[in-house]
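# What the coordinates show
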Amino acid sequence: MSKKGKVTRSGPPFHYLLPFLASVAACMVVYVPMEEPSVAGLVLKCLPIVCLMGFLAVVEKVEGEAAINLLALFFSVLGDACLVWMEELLVYGVAMFGVAQVAYVFAMGFERVSWVSGVGIHVSLLLVVTSLLSGIPSPALKVVVTLYSLLLTTMIWRAFDRARLRRDLPVERRMCSLAGAVVFCMSDVAIVVAQLGRLLPPALALGLILATYYAAQLLLTLGAAENFWAGSVSVKASGSSAKAVRTTGNTDRPTVKAGRASVKTGKSSAKVANSSLRNDKVASRKAK
């Protein structure tokens, strides 16, 4: 029977995301087909984001960018809760998500800024928003959606600059942030087009919105997860592997012994040379 040792391999600990994935599956299967708002639906809809908050708190140090992302997820949970009762609390839900977008903007920061890309992205997306406002009946809601769209566009701009200019960050984090921002925009457009515009059946529209929304939140969270991408997973290995590691660590011992032997040989040679010099001196004195 060989003894077992432990070998550490580098790699992101994806198993920490299993609670999030399980909660998303439960939401899709149970909550999406629900026809009426309920407390059970509220729990199922908010649970995936709560799992992401737990993931970020466990894997990362709750400071800096991770702390701001945690705040964004908190306000996203409040927005999700409001949108369970969309007809009554839609404006409040949009306001909560607006605060979440502000948090995401500050999390990505303004260390590297391209004003050209900022102007281009804002003009392009605001033109799209203007074309969608005609499908919103309430004037107050139009104002709220316009302000929210401005914040969302700013978040996409910061994610774009982060991906293109922040070469000091790992490419995985930069690409996750950019992909999350783009998918978040797609999810919000789906709310206006598919759900409020009633272009799709309610269950299908809600499933599309939630699928893109959860994917966006996951990607944005991974973009802030510094320790996750530099993480390690411990796996068990056989005793022979552990012995091999120990043997590899001891391969330098013969070299050390050989070095010591050479030093001793050099010392003995020096002694012989000194004794020969003394004998020569004695012989020369006798000759005189």
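What counts and how
Residues numbered from 1 in each chain as written. Predicted model: local features only at pLDDT ≥ 70, side-chain atom pairs only at ≥ 80, totals over all residues. Heavy atoms only, no water. Core = buried A, V, L, I, M, F, W, Y, C linked by side-chain atoms within 4.5 Å. Buried < 20%, exposed > 50% of the residue type's maximum accessible area, 1.4 Å probe, protein only. Helix = DSSP H or I, 4+ residues; strand = E, 2+ residues; numbered from the N terminus. Contact = heavy atoms within 4.5 Å. Salt bridge = Lys/Arg side-chain N within 4 Å of Asp/Glu carboxyl O. Polar contact = N/O pair within 3.5 Å; in protein donor to acceptor, adjacent residues only side chain to side chain. Bend = angle between axes of the 7 residues up to and from the residue. Expected span 1.5 Å × (residues − 1). Arc of directions from axis to C-beta. Axes fitted to C-alpha atoms, helices over the stretch in contact; angles between N-to-C directions. Parallel < 35°, antiparallel > 145°, perpendicular 65-115°, else oblique. Nonpolar A, V, L, I, M, F, W, Y, C, P; charged D, E, K, R; others polar. Disulfide = S-S within 2.5 Å. pLDDT = per-residue confidence, 0-100.

## A short note on the nonpolar core
Within the largest apolar cluster, 56 residues are counted, with the highest numbers of intra-cluster contacts made by M155, F184 and Y214. Put simply, the parts of the chain that give this core at least two residues each are α1 (18-31), α2 (39-59), α3 (64-84), α4 (86-108), α5 (115-132), α6 (139-165), α7 (171-196) and α8 (202-224). With residues up to four places along the chain from it excluded, the contact list for F184 reads F97, Q101, Y104, Y148, L152, M155, Y213, A216, Q217 and L220.

## Observations concerning the environment of L83
As for its position among the elements, L83 is in helix α3. Note on L83: relative accessible area 12%, which makes it buried. Separated by 38 residues in sequence, L83 and K45 place their C-alpha atoms 9.7 Å apart.

## Comments concerning the pattern of salt bridges
This model, assessed by the stated rule, comprises five salt bridges. With a closest N to O distance of 2.8 Å, D161 and R158 form a salt bridge. Separated by three residues within a single helix, D161 and R158 lie in helix α6, roughly one turn from each other. Its relative accessible area of 2% is what places R158 among the buried residues. Put simply, E65, R162 and R173 are held in one network by salt bridges that share partners.

## Comments concerning the side chain of T221
Summarising the element assignment, T221 is placed in helix α8. Here the side chain of T221 touches Q217 through a polar contact of 2.7 Å, landing on its backbone oxygen. Excluding its chain neighbours within four sequence positions, the residues that come into contact with T221 are L52, F55, L56, N69 and L73.

## Focus on α4
At Y92, α4 shows its maximal bend, which comes to roughly 35 degrees. Backbone geometry just after α4 places G109 at a positive phi near 80 degrees.

## Structural notes on α1
Across its 14 residues, α1 extends 19 Å between first and last C-alpha, which sits within 8% of the 20 Å expected from 1.5 Å per residue. Within α1 the residues assigned to the buried category are F20, S23, V24, C27 and Y31. Projected down its long axis, α1 carries its buried residues within an arc of 105 degrees, all on one side. Exposed side chains of α1 directed beyond 90 degrees from the buried face belong to L18 and V29. Close packing links the buried residues of α1 with α2, α3 and α8.

## So, the packing of α2 against α3
Two elements in contact, α2 and α3, have axes separated by 9 Å at closest approach and are oriented at 175 degrees. The angle between the axes of α2 and α3 places the two elements in the roughly antiparallel class. Counted together, L42, K45, C46, I49, V50, L52, M53 and L56 of α2 and A66, N69, L70, L73, F74, S76, V77, D80, A81, L83 and V84 of α3 form the full contact between these two elements. In terms of residue class, the contact of α2 with α3 is built from 15 nonpolar, two polar and two charged.

## Things to note about the state of the cysteines
What the rule picks out here adds up to zero disulfides. In this structure C27 is not part of a disulfide, and its nearest cysteine sulfur, from C46, lies 9.1 Å away.

## Topic: the confidence of the model for the protein
When pLDDT is averaged along the protein, the result is 80; 74% of the residues meet or exceed 70. A low-confidence stretch, residues 1-9 stays under pLDDT 50, and its non-local contacts, those more than four residues away or across chains, total 21 contacts. Counting contacts from residues 232-256, a segment whose pLDDT is below 50, to residues more than four positions away or on other chains yields 26 contacts.

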